[in-house]
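Listed below are the residues making up each chain.
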Amino acid sequence: MYLGVDEAGKGPALGPMVAAAVLADPASLPADVDDSKRVAPARREALAAALRDDPAVAVGVARVEPAEIDRPDTDMNTLTVRGQARAVRAALADRPPEVAGPVRVVADAGDTSEARFAERLARFVAEGGEADSAAGADRVPSVDVTAAHGADEDDPVVGAASVVAKVERDAAMAEIDAAYPAYDDLGSGYPSDPATRAFLAAYVGDNGTLPDCARASWATCEDALAAAEQSALDEF
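Predicted, not measured: the structure shown is a model, and the values here were computed from it.

Novice: Outline the pairing of strand β5 (residues 143-148), supporting the account with residue identities and numerical values.
Specialist: Residues Val-143, Val-145 and Ala-147 point to one face of β5 and are all buried, whereas Asp-144, Thr-146 and Ala-148, pointing to the other face, are not buried. In this sheet, β5 lies alongside strand β4 (residues 103-108) in parallel orientation, the contact comprising six bridges. Pairing of Val-103 across the sheet is with Val-143, part of β5.

Novice: Break down the layout of surface pockets for me, citing the residues and quoting the values.
Specialist: The volume enclosed by the largest pocket comes to roughly 240 Å³. In terms of lining residues, the largest pocket is bounded by 15 residues, among which Glu-7, Ala-8, Gly-9, Ser-36 and Lys-37 are the most central. Mapped by element, the contributors of at least two residues to the lining of the largest pocket are β1 (2-8) and α6 (156-178). Of the residues that constitute the lining of the largest pocket, the class distribution is three nonpolar, three polar and nine charged.

Novice: Any chance you could break down the packing of helix α1 (residues 41-53) against α6 for me, citing the residues and the numbers?
Specialist: Between α1 and α6, the least distance of the axes is 9 Å, while the angle of their chain directions is 110°. When the axes of α1 and α6 are compared, the pair comes out roughly perpendicular. Once α1 is placed against α6, the crossing between them reads as left-handed. Across the interface between the two elements, Arg-44, Glu-45, Leu-47, Ala-48, Leu-51 and Arg-52 of α1 pack against Ala-160, Val-163, Val-164, Lys-166, Val-167, Glu-168 and Asp-170 of α6. Residues belonging to the contact of α1 with α6 are distributed by class as follows: seven nonpolar, no polar and six charged.

Novice: Kindly report on the nonpolar core, identifying the contributing residues and their values.
Specialist: With 26 residues, the main nonpolar core has Leu-3, Val-5, Val-88, Val-105 and Leu-121 as its most contacted residues. Contributions of two or more residues to this core are made by β1, β2 (17-24), β3 (58-64), α3 (76-93), β4, α4 (114-127) and β5. If sequence neighbours within four positions are ignored, Val-105 has contacts with Leu-3, Val-5, Val-88, Leu-121, Val-143, Asp-144, Val-145 and Thr-146. Within the second largest apolar cluster, 23 residues are counted, among which are Leu-47, Val-57, Val-106 and Ala-160.

Novice: Tell me about the pattern of salt bridges, and please be specific about residues and values.
Specialist: A side chain of one charge can pair with a side chain of the opposite charge when the charged atoms of the two come close. Taken as a whole and judged by the stated rule, the model has 14 salt bridges. Residues Asp-32 and Arg-43 are paired through a salt bridge, measuring 2.5 Å at the closest nitrogen-oxygen approach. Separated by eleven residues along the polypeptide, Asp-32 in the loop between β2 and α1 and Arg-43 in helix α1 bring together distant segments of the chain. Here Asp-170 ties to Lys-166 by a salt bridge, and the two come within 3.1 Å at their closest N and O atoms. A residue pair is termed a helical-turn pair when its members lie 3 or 4 positions apart in one helix, as Asp-170 and Lys-166 do in helix α6 at four residues. Note on Asp-170: relative accessible area 32%, which makes it partly exposed. Residues joined by salt bridges that share partners form a network here, namely Asp-35, Lys-37 and Asp-152.

Novice: Just give me the short version of the packing of aromatic side chains, but keep the residues and values in it.
Specialist: Within this structure, the stated rule accounts for five aromatic pairs. Seen in terms of ring centroids, Phe-199 and Tyr-203 are 6.0 Å apart; in terms of plane orientation they differ by 45°. Their pairing is tilted. Here the residue Phe-199 and the residue Tyr-203 both occupy positions in helix α7 (residues 194-207), the gap between them amounting to four residues, near one helical turn. Considered together, Phe-199 and Tyr-203 belong to a single accessibility category, that of buried residues. Members of the aromatic cluster, connected to one another through ring pairs, are Tyr-180, Tyr-183, Phe-199 and Tyr-203. The ring centre of Tyr-2 lies 4.3 Å from the NZ or CZ of Arg-104, which sits over that ring. Its end group placed over the ring of Trp-218, Arg-215 keeps NZ or CZ at 5.2 Å from the ring centre.

Rules behind the numbers
Residues numbered from 1 in each chain as written. Predicted model: local features only at pLDDT ≥ 70, side-chain atom pairs only at ≥ 80, totals over all residues. Heavy atoms only, no water. Buried < 20%, exposed > 50% of the residue type's maximum accessible area, 1.4 Å probe, protein only. Helix = DSSP H or I, 4+ residues; strand = E, 2+ residues; numbered from the N terminus. Pairing = 2+ DSSP bridges. 1 Å grid on protein atoms, 1.4 Å probe; cavity = no way out; pocket = protein on both sides within 12 Å on 5 of 7 lines; lining within 4 Å. Points joined across faces, edges and corners; volume = space filled by probe spheres on them. Nonpolar A, V, L, I, M, F, W, Y, C, P; charged D, E, K, R; others polar. Axes fitted to C-alpha atoms, helices over the stretch in contact; angles between N-to-C directions. Parallel < 35°, antiparallel > 145°, perpendicular 65-115°, else oblique. Left-handed = near helix turned anticlockwise from the far one by under 90°. Contact = heavy atoms within 4.5 Å. Core = buried A, V, L, I, M, F, W, Y, C linked by side-chain atoms within 4.5 Å. Salt bridge = Lys/Arg side-chain N within 4 Å of Asp/Glu carboxyl O. Phe/Tyr/Trp six-rings, centres within 6.5 Å; stacked < 30°, edge-to-face > 60°. Lys NZ or Arg CZ within 6 Å of the ring centre and 35° of its normal.

Here's what the structure looks like:
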C-alpha cells in the first residue's frame, strides 16, 4: 500500500486547480483505473465514488483557488507542490490505523526536475507547506517521495488520484457555471475553449471587470479586459 498524488486544472483560465491523493493497495484497484484523460467521464465519476466508499482506501483533496494562483509572490510549480502536499496530508489524516510511517508517496511531477519536485513535496508535507494552515506535522507520518513525469499513466495509484482530481475539478466547474445563470456556458475553463472565451468577453463587457472565478493573471483574462477597454474607446 502506498500513496499516489496528482492534480487537475493547472492550465485553465477559470476555476481552481484541484490536487488529489489516494492511499491504496494497487492490487485492490479496479483494472481500468488510468490517467483521467484516458477514462470516460461517467466511468471517472463511478471510479471516484468507489474509491471514496472503500474503507481500505484513503482519499485527500485540496483546492488551489484563483486568488491564491494570482498571488504575485508565487508560481505554478510552487502552487502544484503546495496543492499536492495538502492533498497528501489530508489522505494521511484519514489513513487506516495499520498504516504507519514512513509512507511511500508517488507523485506526478509538476516540475521539469523530478528530483526537485520530490524533494519539495516531501518538505511541504512534513512542514505543512509555506503559509499552509494544515494540521500539525506531529499528526503526519514521515514520507518517502518519488516523482515522475507521466506517473498518472504509468502508476495505477497515481492514476486513481488523477481520476479523483479530475472529478473534483469538473464538479467545481459545474458549481461555478451554476453561479452565473445569466450566461449560457462557461465551457471547460481552458483558454483554447471558445465557450470560455465567449463567457469572459460577455462578462467583462457587461460588468467591466473579471468574474471572481477567473485567474486574473492569465493572459486570456488580461486579453478579455484589454478587448473590453478597446471596445469602450472605440465607442467614443
